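Close look at the chain arrangement
Each chain, letter by letter, is given below.
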There are 4 protein chains.
Amino acid sequence: MNFDHINVPGKLVPDNYLQLGLAAQRSKQRSFKELLEKRKLPETGWSDEQIEELVLQLASLDSNNFPHKVGLGEREARIACKLVARRHYNFGHGIGRSGDLLEAQPKAAGSTLLARLTNALILDLVRGIGLSSCAGCFLVPMCTGMTLTLCLQSLRKRRPGAKYVLWSRIDQKSCFKAITAAGLEPVIIPCQVNGESLHTDINLFREKIALLGVESILCLYTTTSCFAPRNCDDIAEISKLSLQTQLPHLVNNAYGLQAKDIVRQLERANQIGRIDYFVQSSDKNLLVPVGGAIVGSFNESLLHEVASSYAGRASGSQSLDVLMTLLSLGRNGFQSLIQQRAENFIYLRDCLEKFAESRGEVVIDSRYNSISLAITLGTIAVDEKESITQLGSMLHMRGVSGARVVVPGQTKTIDGHKFVDFGSHRNALKVPYLTVASALGITREEIDKFFDIFGKCWHQLSQNKNESKTKTLPKATD
Amino acid sequence: MNFDHINVPGKLVPDNYLQLGLAAQRSKQRSFKELLEKRKLPETGWSDEQIEELVLQLASLDSNNFPHKVGLGEREARIACKLVARRHYNFGHGIGRSGDLLEAQPKAAGSTLLARLTNALILDLVRGIGLSSCAGCFLVPMCTGMTLTLCLQSLRKRRPGAKYVLWSRIDQKSCFKAITAAGLEPVIIPCQVNGESLHTDINLFREKIALLGVESILCLYTTTSCFAPRNCDDIAEISKLSLQTQLPHLVNNAYGLQAKDIVRQLERANQIGRIDYFVQSSDKNLLVPVGGAIVGSFNESLLHEVASSYAGRASGSQSLDVLMTLLSLGRNGFQSLIQQRAENFIYLRDCLEKFAESRGEVVIDSRYNSISLAITLGTIAVDEKESITQLGSMLHMRGVSGARVVVPGQTKTIDGHKFVDFGSHRNALKVPYLTVASALGITREEIDKFFDIFGKCWHQLSQNKNESKTKTLPKATD
Amino acid sequence: MNFDHINVPGKLVPDNYLQLGLAAQRSKQRSFKELLEKRKLPETGWSDEQIEELVLQLASLDSNNFPHKVGLGEREARIACKLVARRHYNFGHGIGRSGDLLEAQPKAAGSTLLARLTNALILDLVRGIGLSSCAGCFLVPMCTGMTLTLCLQSLRKRRPGAKYVLWSRIDQKSCFKAITAAGLEPVIIPCQVNGESLHTDINLFREKIALLGVESILCLYTTTSCFAPRNCDDIAEISKLSLQTQLPHLVNNAYGLQAKDIVRQLERANQIGRIDYFVQSSDKNLLVPVGGAIVGSFNESLLHEVASSYAGRASGSQSLDVLMTLLSLGRNGFQSLIQQRAENFIYLRDCLEKFAESRGEVVIDSRYNSISLAITLGTIAVDEKESITQLGSMLHMRGVSGARVVVPGQTKTIDGHKFVDFGSHRNALKVPYLTVASALGITREEIDKFFDIFGKCWHQLSQNKNESKTKTLPKATD
Amino acid sequence: MNFDHINVPGKLVPDNYLQLGLAAQRSKQRSFKELLEKRKLPETGWSDEQIEELVLQLASLDSNNFPHKVGLGEREARIACKLVARRHYNFGHGIGRSGDLLEAQPKAAGSTLLARLTNALILDLVRGIGLSSCAGCFLVPMCTGMTLTLCLQSLRKRRPGAKYVLWSRIDQKSCFKAITAAGLEPVIIPCQVNGESLHTDINLFREKIALLGVESILCLYTTTSCFAPRNCDDIAEISKLSLQTQLPHLVNNAYGLQAKDIVRQLERANQIGRIDYFVQSSDKNLLVPVGGAIVGSFNESLLHEVASSYAGRASGSQSLDVLMTLLSLGRNGFQSLIQQRAENFIYLRDCLEKFAESRGEVVIDSRYNSISLAITLGTIAVDEKESITQLGSMLHMRGVSGARVVVPGQTKTIDGHKFVDFGSHRNALKVPYLTVASALGITREEIDKFFDIFGKCWHQLSQNKNESKTKTLPKATD
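In the annotation of an unreviewed UniProt entry, the entry for chain A reads O-phosphoseryl-tRNA(Sec) selenium transferase, and the organism field reads Drosophila suzukii. Looking at chain A in UniProt, the text filed under Subcellular location (unreviewed entry) is "Cytoplasm". Checking UniProt for chain A, the heading Catalytic activity (unreviewed entry) contains the comment "O-phospho-L-seryl-tRNA(Sec) + selenophosphate + H2O = L-selenocysteinyl-tRNA(Sec) + 2 phosphate".

So this is what it looks like as structure tokens:
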């Protein structure tokens with residue numbers, strides 16, 4: 001719907017007034033044209049109105065929105081509930097086709113455009129923040145774990161005889177289950193413990209490769225973003241190893257796009273070695289609701305193998321979220337989120353160090369982790385182990401989410417594999433600790449509030465501890 | 001936000017007027033209470049306002065919507081774009097936890113409620129339409145194909161040594177790729193051709209089991225809803241075979257919930273035999289946007305194995321769509337959709353038979369298919385094969401979607417497996433045909449329009465054919 | 001935002017798929033062009049999506065929505081609350097200018113278009129339902145009463161020396177206060193009572209004109225739609241009188257557009273006599289929220305006098321409501337509402353007659369009222385007057401709104417004028433009665449429910465009455 | 001809909017997770033309770049979600065939203081178009097009753113609450129910004145001009161014999177037409193010209209009162225906010241005069257609530273004299289769409305006279321806008337808007353003075369105007385008068401709205417009254433000038449952009465002027 005070739009009668013509006021209005025609209029049309037033709041992220045964000053207009057324009061290209069549609073198939077993207085149609089801007093057909101996420105759908109030109117434009121903008125974003133060698137990437141409407149599984153499945157098609165996945169230990173369930181879900185055999189490579197800090201054990205990787213034989217190994221599998229005091233894996237060295245041994249290398253970059261350090265390492269690792277896929281969640285890196293992951297690669301043809309492993313047509317809802325968010329932020333908006341996160345990380349670290357110092361604790365050195373921080377809980381825990389876990393629950397009840405308390409002695413078995421001291425990414429943890437993160441979107445106000453609450457809880461636990469020297473510890477109440 | 005314990009001053013509104021308003025709201029509260037406590041689908045649909053109020057109430061239980069939240073974790077469900085937050089009613093945390101789709105999330109009581117309530121309503125619906133033995137079911141935010149893969153993956157955990165999947169041929173890519181995606185080996189069991197109608201070849205299943213050995217076989221894999229002239233697989237007989245051999249049985253029930261015949265067969269097959277999982281798409285059966293599938297089972301503990309194979313936290317968007325749709329329709333609304341579909345199937349078949357008769361064609365007998373119908377295209381195609389595929393494109397350009405033209409001679413290779421006469425579910429197809437379906441939501445008006453357009457296209461092709469006897473066939477234009 | 005002159009890259013979507021989508025959009029563009037160029041109500045209603053797109057297109061022509069606006073004035077249509085902007089589709093400038101509701105605004109081409117297009121569609125509607133001589137009409141964003149005042153004020157500019165308004169009595173406050181609000185002097189002409197039915201007393205009008213003198217009289221003022229047993233005023237005769245005496249004639253046609261009888265009389269009255277303005281509410285006739293009125297005239301220049309009496313710029317919210325509603329209904333939708341109303345009136349009358357007959361009551365003959373009906377409450381009231389008013393409250397508490405109970409003896413003084421038996425439009429009412437109406441949008445289901453409730457209340461009152469013969473009447477409870 | 005008295009089964013969500021969610025909701029309920037019980041503006045703004053929940057809760061108290069309503073009246077607030085219902089949050093009944101804007105409606109407890117709560121919050125706001133003696137105020141859903149008419153009409157009821165309104169000249173059409181619309185006789189009191197600055201001529205007021213006699217005068221009528229170089233009327237002195245003569249005093253405070261100076265003067269004027277009503281627009285002072293005005297008074301009973309002069313039921317749309325906006329801003333949000341405006345005024349004045357100085361012009365001294373500023377256009381106009389008006393159009397075409405060019409020699413007649421040099425508020429204007437305003441919501445960025453554009457236009461006109469000394473002036477193009 002547009003005013004081109006319409007002779008609006010002067011009875012409705014004087015022509016000179018109208019012309020001024022039409023002129024003002026031309027810049028909107030220009031940015032729309034540029035977006036479609038250049039497929040680049042706009043520098044500054046679009047207004048809500050402009051975003052919704054774009055999205056509705058795209059949706060109207062899908063056959064379920066044709067005024068005179070006649071649907072004789074088994075899938076016609078009919079939407080029974082008007083509210084549901086509205087919240088999806090009338091998109092119903094999903095993305096991809098016949099088991100290829102990147103294929104176009106004849107019934108749904110708009111959904112096709114939506115999915116591909118979104119992928120193009122993500123690529124432009126990813127390149128812009130430092131991954132300039134990135135050859136392509138696309139959004140998968142599944143969580144990071146399932147998307148890692150998808151990558152493993154498509155690697156298996158290339159290496160059908162291989163069954164082992166060499167995996168640098170990180171105590172996060174999903175990325176481990178990604179291996180077993182694919183029916184593959186994880187080989188856990190423990191981290192090296194330097195002080196309390198955890199680093200990739202390259203030598204152990206080498207030994208395992210020698211031991212198992214290259215042919216039986218599907219790939220090397222590393223992780224960047226993680227909870228302190230574990231550090232980002234040494235992906236540069238693993239990439240070199242991958243290149244030497246011709247073993248594929250899969251990187252779990254869960255929330256690594258938000259950290260410049262990690263992005264830099266990824267780019268460099270690819271230059272000096274080999275990375276087949278790096279996978280990240282859309283929610284943590286782009287601040288959309290949970291539900292999608294982004295597969296990136298430095299080799300475009302590798303991507304198609306993953307895309308064509310998805311068996312069926314997929315939800316377009318995640319593409320819609322990402323497209324709207326990227327247009328809303330623009331490149332500048334995203335850059336400033338990244339910048340603020342980095343600044344808040346330093347602020348959080350400084351505050352945490354002050355907090356630790358005054359209480360006889362220490363912020364564990366994990367210099368290759370620029371998102372998460374760990375503070376020891378040695379003093380508060382000396383004689384009352386229970387109080388440590390209580391600390392976590394006290395924080396939670398006071399509105400603090402995401403602060404994790406890790407205590408020694410938690411053993412967990414996942415799909416038959418036993419993890420001693422689960423949560424600490426290592427065996428033989430001695431001192432309990434608490435982790436906090438400066439993730440994308442965090443505000444300085446939140447950090448301040450956190451220390452206010454943390455201080456109060458600490459104080460209360462200290463008192464309880466002193467009191468408990470003579471009597472039984474009472475339950476903390478809120 | 002509610003008026004309980006609020007003394008609304010008479011200066012704002014006279015108390016007797018207010019009381020009348022409050023009384024009227026009580027029925028809304030009653031239906032809310034009943035929904036949560038009984039977890040049953042309401043008989044009549046809810047109003048849009050009531051649905052949105054429920055959904056917003058649930059979302060406000062998630063920590064990202066707490067007024068005084070302090071987020072120190074790596075995932076805090078922050079949503080950057082207001083429009084995105086709005087279209088998700090502020091849900092951001094997704095569903096499931098740590099790689100189990102059915103687990104509760106401490107940060108997200110509302111999302112947990114959303115997911116579980118949706119599953120409860122689906123179960124109530126499924127039982128109500130005839131699957132009274134169904135023990136449980138849950139929504140997976142992935143397409144049907146990927147969900148079938150998930151089921152295969154969880155079966156593999158039970159039977160790690162088995163690698164073959166015995167699959168009754170159906171020419172639909174996704175359900176086949178579901179096998180290869182899981183890294184398993186498909187064993188294709190061709191259908192028996194009786195007349196032009198296709199039926200499950202039970203004996204061949206038996207032979208293959210004997211040949212390969214039960215231990216090496218992961219499961220039997222059948223399909224209910226499909227394009228004519230293939231019929232619904234004989235799931236009763238396969239179920240008996242499954243019970244005898246103790247081989248798991250997986251049913252691809254893609255759009256079978258909408259057809260009473262299929263539902264009846266599923267229920268009966270389970271009574272006399274064994275079905276481990278039956279999987280169906282949410283979009284085709286519940287008229288929501290593409291993106292979800294429902295796994296059902298007659299054994300609740302089997303479901304948990306599938307749910308815990310999903311590696312990560314999943315999108316809640318599909319649960320939201322299904323919940324809103326089910327509440328909007330109510331049981332009566334859904335029943336009447338099913339009823340209309342059944343009536344429209346009969347209407348479509350009758351019209352198609354009349355159309356066929358007057359043109360020397362025939363509607364192929366596929367009596368065990370109550371959704372899709374096939375009409376031969378023998379006369380129009382005798383000397384001009386090209387005109388058949390042209391028919392498909394002519395229909396498409398005139399707004400008809402979903403009518404498929406199948407011609408002999410299309411060979412396709414999927415993941416290394418060759419399918420002769422792809423699209424026809426069989427080898428050695430002789431007569432081309434066209435399929436049409438009466439799927440959920442179709443209207444009589446659409447059927448009438450279709451025959452109007454079909455007739456015109458047929459007429460044009462007939463003329464072209466006659467003309468082409470003397471000269472070269474011109475391109476049909478629209 | 002549109003796809004013209006944009007080279008969408010094949011990488012985003014295959015061109016043939018795109019073309020199909022674009023072709024489907026052309027019909028939308030055609031209807032948009034036709035609407036603006038012909039300014040006629042579409043035959044069939046538009047979809048919600050199309051309506052919103054139109055409205056947003058218009059809004060984007062207003063200067064407050066220009067991307068690079070620089071506002072240095074005192075009124076720049078800034079909107080502080082995003083929710084408010086959204087619900088007004090970003091319209092902020094209102095309509096009219098410098099005290100003329102029909103003038104264009106240089107800052108707001110879109111709002112100007114909105115207002116004028118709405119007026120054009122109303123005119124087309126009004127002509128289409130039978131007022132073919134109507135020369136123009138426009139929406140005033142004030143209630144009917146204030147709009148009647150506005151008409152009186154503009155008549156006064158023409159006849160500054162006149163102060164009396166001759167008004168056929170109807171017991172509705174607003175239309176009477178419309179006279180006093182303008183600082184004019186009402187002269188009340190009681191109705192003739194024939195049986196219990198009320199008719200315009202033409203002779204008394206004549207006598208008053210003779211008595212007061214034409215020069216001192218501003219206008220004759222009649223009412224069409226009203227509560228039974230008052231009938232529609234005899235506007236044909238009053239129009240003739242108006243023509244003879246050269247006195248202006250103002251018609252309060254509050255909810256008369258919905259009734260064919262009234263529309264027919266208006267058209268005829270103008271042909272044989274004189275009507276200056278007829279005024280109707282937008283909410284009752286077009287089913288929009290309360291807040292607007294429509295002034296119609298058979299003489300276009302008279303309209304401008306009214307429009308230019310509005311001192312200031314007005315709300316555009318009512319125009320938006322009416323435009324959206326008219327486009328949503330289309331001519332057919334509105335016609336079918338009118339048709340249903342007429343049928344439901346007959347149904348309501350028949351039910352009411354049956355109800356009356358079986359209870360010894362009567363439906364009062366008011367044949368020139370085709371909307372409202374009155375049933376006597378003679379038997380129920382014989383010895384317990386209180387029970388009559390109780391009936392009204394019982395109905396109200398059971399969800400019945402709009403049923404009015406009228407009892408003798410209510411005297412009311414409005415702006416110094418005393419109305420005996422207020423509510424009955426007459427003095428000396430003897431038998432109490434209840435009125436019900438078949439207004440636009442009523443459903444047969446509502447009528448059935450009403451009689452169900454009415455019957456129960458009647459029964460309860462009858463019992464109370466019988467019981468009260470021996471003891472004190474208890475309070476009815478719900 | 002709320003969780004009270006609902007036993008949410010543990011199967012849906014673990015109770016401890018749920019409790020955390022419920023606890024977080026309590027603060028929302030507390031602020032709701034406080035709002036209704038105390039009827040005070042919240043200090044900090046509410047979230048969009050909270051506002052919408054409140055509004056929907058209120059709407060559900062209206063009978064048109066009752067689930068089992070049975071509507072037998074002529075006005076049942078049926079809304080035909082779902083989009084319209086949605087944008088009004090299902091409010092349909094409007095506000096007020098039977099010609100009294102402040103009365104409650106039995107059918108619409110929610111609309112009643114909406115209207116009265118809005119008025120209460122406005123009063124709290126007005127008092128908070130300095131009008132602490134204000135006794136009451138209410139929102140009228142008509143423009144400022146019509147609301148001034150309404151005030152005049154209700155004053156006339158008190159003083160039926162009076163017909164003159166003594167009005168200090170200001171060249172704004174609506175406030176003048178407000179007098180004639182009411183059928184009253186304006187008596188124009190020219191301003192005193194000191195330098196180029198315009199002040200109220202108190203002595204002339206006194207003389208006119210003596211001349212016409214108090215009995216024949218309805219009221220004194222002044223204006224606060226206006227375009228420079230006119231100043232705010234000396235309302236303190238006029239108020240004293242009003243008190244002395246016992247003549248009512250009506251103040252047109254169009255956009256005066258945004259300026260602390262004006263607010264202070266109003267409060268003081270009432271303390272030392274008499275103000276009956278002060279009227280302001282809701283759009284300019286509260287940043288809502290055009291359509292409403294606020295009547296304030298220092299005497300509550302006077303307000304009821306105005307409210308009961310409104311003949312009919314009124315639109316609730318304006319109340320909804322104001323309520324949502326006030327809740328969204330909170331007291332702090334509004335205060336900070338006021339603060340920014342004041343700072344931007346100083347910034348605008350400083351920039352304008354610099355601009356003037358460097359070009360041989362002057363910012364006219366109008367020290368009692370703290371919103372609008374005027375800069376002379378003496379040099380640019382010396383020999384080419386046309387170029388001045390051209391300047392206005394050049395600015396307009398470059399996106400500047402609200403900058404007004406005033407040139408000598410424009411005569412205008414409104415309702416029979418002739419205004420020489422219309423636009424300048426005076427006779428015998430010599431030097432043309434341009435006015436700009438720092439109104440609520442203006443940004444520093446806009447001011448900077450304005451001077452950028454203004455400078456360029458000035459430069460172009462200067463060049464044209466120089467060139468035109470030798471040849472004909474060419475048309476400026478954009």
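Picking up after the structure, the text goes on.
1. Points about the relation of the copies chain D and chain C
Mapping chain D onto chain C calls for a rotation angle of 180° and an axial translation of 0.0 Å; the resulting RMSD is 0.1 Å. Taken together, the rotation and translation describe the operation of a two-fold axis. Judged by C-alpha distance, Arg-87 of chain D is the residue of chain D that lies nearest the rotation axis, at 2.5 Å. When the interface residues of chain D are mapped onto chain C, 100% of them are again interface residues, pointing to one common binding face.

2. Let's talk about the pairing of strand S10 (residues 293–297) of chain B
Residue and element names in this part refer to chain B. Of all five residues making up S10, five are buried, and the element is well covered by its neighbours. Where strand S9 (residues 277–281) meets S10, four bridges bridge the pair, whose relative direction is antiparallel. Opposite Phe-278, over in S10, you have Gly-296 as the bridge partner.

3. Here's the deal with the sheet that holds strand S16 (residues 433–437) of chain C
Residues and elements named next belong to chain C. Pairing within the open sheet is antiparallel, and its three strands lie in the order S11-S16-S13. Every other strand in the sheet has two partners, leaving strand S11 (372–376) and strand S13 (404–406) as the edge strands with one partner each. When the angles between neighbouring strand axes are averaged without regard to direction, this sheet yields 25°. Pairing analysis gives five bridges linking S11 to S16, with the strands arranged antiparallel. Looking at the pairing, Leu-373 lines up with Val-436 of S16.

4. Notes on the UniProt feature "binding site: tRNA" (unreviewed entry) in chain A
Residues and elements named next belong to chain A. The UniProt entry lists Arg-398 under the feature "binding site: tRNA" (unreviewed entry), expressed in the numbering used here. Structurally, Arg-398 is set in the loop between helix H13 (385–397) and strand S12 (400–401). The class for Arg-398 is partly exposed, based on a relative accessible area of 24%.

5. Quick notes on the pattern of salt bridges
A side chain with one charge may pair with a side chain of the opposite charge, provided their charged atoms come close. Under the counting rule described, the total for this entry stands at 84 salt bridges over all chains. The partner of Arg-169 of chain A in a salt bridge is Asp-171 of chain A, with the nearest N and O atoms 2.7 Å apart. Between Lys-456 of chain C and Asp-452 of chain C there is a salt bridge, with the nearest N and O atoms lying 3.5 Å from each other. You can see Lys-456 of chain C and its partner Asp-452 of chain C sitting in helix H14 (residues 444–468), four residues apart, about one turn around the helix. If you follow the salt bridges from partner to partner, you end up with Arg-158, Arg-274, Asp-276 and Glu-305 of chain A in one network.

What counts and how
Along each chain, residue indices are assigned from 1 in the same order as the chain's sequence is written. As a convention, the first chain written is A and the first ligand written is 1, with the rest following in written order. Residue-level local features of this predicted model are given only where pLDDT is at least 70; pairs of side-chain atoms are given and counted only at 80 or more, and the full residue set underlies all totals for whole chains, interfaces and linings. For the side-chain quantities, the full set of heavy atoms in the structure was used; hydrogens and water were omitted. UniProt positions are given in the numbering used here, feature names are shortened, and annotations may be inferred rather than shown by experiment. Least-squares superposition of the copies uses the C-alpha atoms of those residues scoring a pLDDT of at least 70 in each of them. In what follows, residue pairs with any heavy atoms lying within 4.5 Å of each other are defined as contacts. Each residue's exposure class comes from its accessible area (1.4 Å probe, protein chains only) as a fraction of the maximum for that residue type: buried when under 20%, exposed when over 50%, partly exposed otherwise. Helix numbers and strand numbers start at the N terminus; a helix is a DSSP run of H or I with at least 4 residues, a strand a run of E with at least 2. One bridge is not enough; two strands pair if DSSP finds at least two bridges between them. In this description, a line fitted to the C-alpha atoms serves as the axis of each element, helices being fitted only across the stretch in contact, and the angle between N-to-C directions of two axes falls anywhere from 0 to 180 degrees. Here, a salt bridge means any side-chain nitrogen of Lys or Arg that lies within 4 Å of a carboxyl oxygen of Asp or Glu.

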